[in-house]
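Here is what each chain is made of, one letter per residue.
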Amino acid sequence: AIESSKRSLSRVRELLSQLASTMKSEPWLYETTAFFHESVGCDDLAIDNLMKEYRALQSIRGWETDKSACPKLCEVISQMAPLKFKESNVEELKKFKFLVKGVVKKIKAA
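Below, the structure is looked at part by part.

Thresholds applied
- Residues numbered from 1 in each chain as written.
- Predicted model: local features only at pLDDT ≥ 70, side-chain atom pairs only at ≥ 80, totals over all residues.
- Heavy atoms only, no water.
- Axes fitted to C-alpha atoms, helices over the stretch in contact; angles between N-to-C directions.
- Helix = DSSP H or I, 4+ residues; strand = E, 2+ residues; numbered from the N terminus.
- Parallel < 35°, antiparallel > 145°, perpendicular 65-115°, else oblique.
- Left-handed = near helix turned anticlockwise from the far one by under 90°.
- Contact = heavy atoms within 4.5 Å.

**Let's talk about the packing of helix 2 (residues 27-39) against helix 3 (residues 43-58)**
Helix 3 packs onto helix 2 with a crossing angle of 165° between their chain directions and a minimal axis gap of 8 Å. Considered as vectors, helix 2 and helix 3 are oriented roughly antiparallel to each other. When you trace helix 2 past helix 3, the crossing you get is left-handed. Between helix 2 and helix 3, the residues in contact are Pro 27, Tyr 30, Glu 31, Thr 33, Ala 34, His 37 and Glu 38 and Asp 43, Leu 45, Ala 46, Asn 49, Leu 50, Lys 52, Glu 53, Ala 56 and Leu 57, respectively.

So this is what it looks like as structure tokens:
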């Protein structure tokens, strides 16, 4: 059963990798990949993919007022928060604080 599980995880990882290499910056793909990595305990890879999703959503023109992009971007940040706190790296937490403040500032300015 363990070998079967390992093969399944390997297949999922391979599928996500193939999708990422053939598709352009699709936020849903980064979200899915982040969920996968978080589920298997790879928090650093989950954060990397959440950051990619964050950047992909921010690249949408007018995301600050977009009815789907803005809430999604806020959701990504809220998914990142517990992972960042778990890291316990003060410098990373400071960077994350600036990221959150920047998003709040842009939304308020819109």
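**What about the environment of Pro 82?**
Summarising the element assignment, Pro 82 is placed in helix 4 (residues 69-87). For the pair Pro 82 and Ala 20, spaced 62 residues apart in sequence, the C-alpha separation works out to 25 Å.

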